[in-house]
Amino acid sequence: MLLLSLMVTGWAWFVASEAVQQRASERFEFTASDISTAISKRMNEYELALRSGLAVFHASDSVTRKDWEYFADTIYLNKFFPGIQGLGYSVMLAPEEVAAHESAIRQQGFDNYQIRPEGIREQYSAIIFLEPFDWRNQRAFGYDMFSEPTRREAMERARDTTDFAASGRVTLVQETEQDVQFGFLMYLPLYKKGSPLTYVEERREALQGFVYAAFRIGDLMAGLLGSAQQNVNFELYEGNPEKGVMLHNNAPNNVVHYNSPDSEDSFKATHKIDVGGQTWSLYVYSDTGFISQSELNQPTFIVVTGILLDIFLFFLISYLAKGRNQARVSEQRAIVDFQNSQQRLQLAADAGNMGLAEWNLEEGKLYWDDRMLALYGYTQGTFDDGMAAWQQRVHPEDQAEVIKQVETARQFKQHFDLQFRIVLPSKEIRHIAASIVVERNRTGQAVRMVGFHYDISEHKQVEAILKTERDDAESANRSRGEFLANMSHEIRTPINGVMGAMNLLADTPLSASQHNLLNISKRSAESLLGIINDILDLSKIESGKLEIIEEEVALVNTLCDVARLLSAKAESKHIELLCPAHYLDEVSVKVDGLRLRQVLTNLLNNAIKFTEQGSVKLSVDVLSQTSDKLKLRFNVVDTGQGIAADQQALLFQRFQQVDSSLTRREGGSGLGLSISKQLVELMGGTIGVESELGIGSRFWFELDLMKATQNQPIKRRLFDDMQVCVLKPEEIYQHFYTSVFSAWDIAHTQTDDYSQALETLSSSACPNKVLIVDATYLNDKALIANLAATTDKMHNIYLFVVCPQSMLAMIPQVVTDQADQIISKPLIQSELYNAFLSVVAENVEENIMEQAPVAESYKQFNANVLVVEDNTTNIVIIQGLLKKFNVTTDVAEDGEQALNLLAKNNYDLVLMDCQMPVMDGFETTRTIRKADSDILNREIPIIALTAQAMRGDEAACREAGMDDYLSKPIEPRLLYDKLSKWLPEAGKDQLASL
C-alpha cells in the first residue's frame, strides 16, 4: 500500500508541473490580449475625441481660438485622454491665401506668427489651434504639416476616404533635445459645409482643413498601461516586425527581443492592431520571472507533501481506530451545543416579545413556538399546523395584500418584512410586524420560511397620536398664516398713507434741505416696509429662509443713502461718520439692494451705538475683479470699546449680547448680527469680526458680485483746472480728501495755517480756487478774525464750509456771508462733486452725480376710474396720485356700492381693494364677471389693491377674475405702469414727479 501511494505521488508531481506551465501560458495570453485590447480601445477613444472636435466645426459657422480652448477643457483632455500631446486644427491654404492668413493671425496677438517651413508650395496646411497651448505645443504653431511626406500621406488618405487616418512614425516638431520620442498623428478631414462628397475630386475640392491629434508614443503607452504588466514587456512596430520600423520598446535599456538569437523568452505572442489605416504589430514576451518561484516550487512541494502524507496515513488509520469512541463523545457534545443554541435563540425571542415561526414549504406545515401561539391567540391544542391557521387571524382587509407579498417573496426574495393587522378571538385588533428569511435549495426553489413576529400595536398608537399632534400643529400654522395676513393688512394700510403722503409732498415746492429730509424719510419708510414684507411672508417664516432678489444697484448711491439715514444718530453722539471713507467708482452691481442696505445699516448702527467718541468709517476693498465680476470686502471700523477675543465667537448667535449693561442702555435684542450673518450667507458671502479691547472693532463681510449690464462706471468731468486747499482737516478726513481729489485730478493741499492756505491759493495759476473749512473750527476767534480781515483777498477764492446738519444755524454770520457752498456732513462724494461743478459753472444736468427729485414728463390719460376702497386715507392718496395723470375718479366704499355704480356708469378701469366690509373685492370681481350680471361692461379691467402682500395673493386675485395686481403702499411708478398698460393715452405730456 505504501508503494502504491508513492506511485500516485510521482504521477501528481508530473501533472502539477504541466499545470503550472499551462496556467502560466493562459495568463500570458490573457495579458498579451489585454495589452492589445487596451491599445485598440484607447485609439478608438481618441478617434471619438477627433470626431467631437469635428462636430464643433459642424455646429458653428465660425470656430474661434476661445471656442477650441473651451472644447478641450469641456472634454477634460488631460484627464480622460492621457498620452495625447495635443488636439488641434490645421487650415488648408492656397499660396495666394498665405499672406492674408498670416496677417489675420498676427492681429490676434501673435506678432511673430508665420507658416513654417518657409517656401512656396502647391498647398499648405498650417496649424492654427492646438490645445493645451503650452510651451511645447507652441513649437508646432503655424507648422505646415503638408510639407512633410509622412504626414501628407496620412492627410491625403483621410481627405480621399472621408475617414479617420493615422500617419506613420515621425518626429514631432514639439520635440526638444531631451527625452526624444517617436511620434505619430491622427487626422479627420473637415469639408466645406454643403459640398458634394461623392467622388474623390469633389472631396479634394471641398477640403477645408483637418482636426488632428499628435502623440508622443512613449507618453501614450505610459498613459495607456502605466508600468505595463509585471514580468511582461512588449515591442510595437509599424507594419510587420521584420521591417524593423519600431514605434516603441518598453524593455529595460531598449533591448530588442523580436527574432533575437539571444532571446530566451518563456512566452511570446504577436498581435495585429489596425489604427486609422495603419497596421501595428504588437510583439509581447515574458521574462524569466513571469513564472514565480512559488509556482515553480509547487510540484516539488506536492512530492514532499505526498511522501509525508503516505507516512502519515499509516499513523492515521491506527489513530482512527482508537478515536472511534472519541467521535461518539463529540457527536453527543454537538447535540448539546445545538440544543443550547436553540435555547439562546428562544431567550432572545422572549426578551423582544417576538414569536418564532417556521413554514416548511415542501410539506406545507407550520411550526410556531409558544410566544407565536400567544401572539395569535392559539394554544397547542387549538393550533392547526396549516397556513389556514395563520390566514384565519389576518384582518380581512389585509389578507389579499399580505398573501400577495408572501407569494412574491417566495418567488424572488431572500428576506422581506411585513406589517398587517390580526383579529384575536376576543375581536381585539392588534398590529403585527414580521421579519422573514426565505431559505432556498441549490436550484433556487424556496423550501422554507423562518421569521420573527412581534406586536407593534403600541407603536401604532403612538404614531396615531403624533399624527393628531402634527395635524393640530398644521392647523395652528394655518391660523397663524391667517393672523399674519390680517396683520399685514392692518400694518401696511397706515404705511400706505405715510408713503403716499410723502409722494404727494414731493410735488410741492421744497428747499434742498427739505428735499434731503424728505428723501431720508422715504428711504426709512421703504426700508421699514421691506422688513415688514419679510416678516409677513408666511412661507419665508415657515422655511426659515429669505428669498434673495438680485437687481442692478448703484453701489455709491446705496452707501450714501445709508450714511444719510444714520447721520443724525452719529451727530447726536458727536461721532464722525464717513460712508464711504474713500473715493469709490460709480459702478453698478447685481445684488439684493434691500438686503445689502439692511446689513450695512445694521453694522454701522451697531458701531455708532457702541462708540462713545471718535469715528465710524465704512470702506470698500476690491479684492479681485474680471470684466464681469467683482469680489468686494465691506469694512465697518469704529473706535469703540472693543470686544474680548473669547466673546467674538458669540456675536453672530441669536440673542447674544457682549455687554448686557451697555445693551440695556443703548437698546437692542441681540438679533441684528445673527440676521446680518444669515443675509450675507444667503447672498453667497462670508462675514467676520476683528477687535481689540480699548482700540475698536472692524466688522467685515465679503461678496462675489456680477457687474450690472447697464450703468457701468460713468466718465465724469475732471477738475484739472482747480486748486483746493483744506484748512485744518480732521485726521479721519485727510485720507478721504486725498483719495477723492486724486480721482478727480484736483491739485490739493492740506494745512493748519490760514495764511499759508491763502498764499497757496493766491499763488496758484489755476483759474478755479477753493478753500474748504470745517465748521468745527469756526469757534476759533482768530480764524474768524482772519476771515473778516481778508475779505478782499478772498474775492477770487471760493469758500466751502463743511458742517454737521445740527450746526447749520450756529455758523457765524461773517462765514455765511462769504461761504459759496455749505456742505452738510457726513461728507458724500456726489455732493462734493456737485459743489465743484458749481465753481466751474458747469452744473448741467448730465454732469450732476445726484440731485433732488425733479418733475418728469409722463403721459396723461382721458379716463374715468372707479376706486373701490373703504379706508379714507387710502382714498385720498389714490385720488391724489391719479390726479397727476389727468384721471377722474368715483369712489365706492364696499363691493355692493361698486356693483351699483358699474351698473349705471361706464368706467375705463376699476382699482379694487381686496378686504372690505359688506362684500370683499374677490366676491365683487366674481359677480362682475358673471355672464348674467347687470354690469354695463363685464370685461372692464380690474386691478387688485391689497395690503397683505402674502405669497399667493396675486394668484388668488387672478383666480377671482382680476386682471392685474398692485401691492400697498402704492408705488407711483408702478401705478403709472399699470395705467399705461390698461388705459388709453390722451397723447399729451405733462410734468409729474414720481
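The structure this text deals with has already been given above.
Everything numeric here is computed off the predicted structure, so don't read it as measured data.

Visitor: Got a minute to help me understand the overall build of the chain in this structure?
Guide: Along the chain, the regular secondary structure elements total 31 helices and 33 strands. Burial status across the chain gives 44% buried among its 994 residues. In the chain, the proportion of contacts linking residues at least 24 apart, taken out of those at least 6 apart, comes to 66%. Total accessible area on the chain is roughly 51500 Å²; 52% of this is exposed by carbon and sulfur atoms.

Visitor: Before we go on, may I ask you to explain the side chain of D398 in this structure?
Guide: Take D398: it is sitting in helix α13 (residues 396-412). Residue class for D398 comes out buried when judged on its relative accessible area of 15%. Excluding its chain neighbours within four sequence positions, the residues that come into contact with D398 are F420 and R421.

Visitor: Looking at this model, I keep getting lost on empty space enclosed by the protein. Mind explaining?
Guide: To find leftover empty space, a probe the size of one water molecule is rolled over the atoms. Under the criterion given, the structure shown has 5 cavities of 30 Å³ or more. Taken as a whole, the largest cavity encloses approximately 180 Å³ of empty space. Around the largest cavity, the lining comprises 17 residues; the ones closest to its centre are W359, L366, W390, I436 and H453. Among the elements that make up the lining of the largest cavity, the one with the highest residue count is strand β14 (residues 446-455) (4 residues). For the lining of the largest cavity, the per-class residue count stands at 14 nonpolar, 2 polar and 1 charged.

Visitor: Would you mind going over the packing of aromatic side chains with me for this structure?
Guide: Enumeration according to the criterion identifies 33 aromatic pairs in this entry. Arranged with centres 6.3 Å apart and planes meeting at 40 degrees, the rings of Y733 and Y737 form a pair that is tilted. Of this pair, Y733 and Y737 both sit in helix α22 (residues 731-743), 4 residues apart, roughly one helical turn. When its relative accessible area of 1% is taken as the criterion, Y733 is described as buried. When the centroid spacing of 5.2 Å and the interplanar angle of 70 degrees are considered together, the rings of W744 and Y833 count as edge-to-face. Placement of W744 in the loop between α22 and β23 (747-751) and of Y833 in helix α26 (residues 829-839) is noted, with a sequence separation of 89 residues between them. Taken together, the ring pairs connect Y583, F719, Y733, F736, Y737, F741, W744, F800, Y833 and F836 into an aromatic cluster. Stacked on the ring of F182, the Lys or Arg R169 has its end atom at 3.9 Å from the ring centre. One residue, R393, lies across the ring of Y378, its end atom 3.9 Å from the ring centre.

Visitor: Please explain the packing of helix α17 (residues 555-572) against helix α18 (residues 593-609) as it appears in this structure.
Guide: A pair of packed helices is characterised by two quantities: the angle between their axes and the separation of those axes. In the contact formed by α17 and α18, the axes pass within 10 Å of each other and the chain directions differ by 35 degrees. Two packed elements cross with a definite hand, and for α17 against α18 that hand is right-handed. Contacts between α17 and α18 pair L555, T558, L559, V562, L565, L566, K569 and A570 from the former with L596, R597, L600, T601, L604, N605, I608 and K609 from the latter. Here the residues of the contact of α17 with α18 sort into 10 nonpolar, 3 polar and 3 charged.

Visitor: I would appreciate a short explanation of the environment of L703 in the present structure.
Guide: Along the chain, L703 falls in strand β21 (residues 696-707). For the pair L703 and K631, spaced 72 residues apart in sequence, the C-alpha separation works out to 5.8 Å.

Visitor: Whenever I open this one, the sheet that holds strand β13 (residues 429-440) confuses me. Can you help?
Guide: Adjacent strands of a sheet pair through backbone hydrogen bonds, lying either parallel or antiparallel. The 5 strands lie next to each other as β11-β10-β14-β13-β12, forming an open sheet whose pairing is antiparallel. One side of each edge strand has no neighbouring strand; the edge strands of this open sheet are β11 (365-368) and β12 (415-423). Geometrically, the sheet is characterised by an average inter-axis angle of 25 degrees between neighbouring strands, direction not taken into account. Summarising the sheet, β12 and β13 pair through 9 bridges and their orientation is antiparallel. Within β13, the residue paired with D417 across the bridge is S435.

Conventions adopted
- Residues numbered from 1 in each chain as written.
- Predicted model: local features only at pLDDT ≥ 70, side-chain atom pairs only at ≥ 80, totals over all residues.
- Heavy atoms only, no water.
- Helix = DSSP H or I, 4+ residues; strand = E, 2+ residues; numbered from the N terminus.
- Buried < 20%, exposed > 50% of the residue type's maximum accessible area, 1.4 Å probe, protein only.
- Contact = heavy atoms within 4.5 Å.
- Areas by Shrake-Rupley, 256 points an atom, 1.4 Å probe, with all protein chains shown as cover.
- 1 Å grid on protein atoms, 1.4 Å probe; cavity = no way out; pocket = protein on both sides within 12 Å on 5 of 7 lines; lining within 4 Å.
- Points joined across faces, edges and corners; volume = space filled by probe spheres on them.
- Nonpolar A, V, L, I, M, F, W, Y, C, P; charged D, E, K, R; others polar.
- Phe/Tyr/Trp six-rings, centres within 6.5 Å; stacked < 30°, edge-to-face > 60°.
- Lys NZ or Arg CZ within 6 Å of the ring centre and 35° of its normal.
- Axes fitted to C-alpha atoms, helices over the stretch in contact; angles between N-to-C directions.
- Left-handed = near helix turned anticlockwise from the far one by under 90°.
- Pairing = 2+ DSSP bridges.

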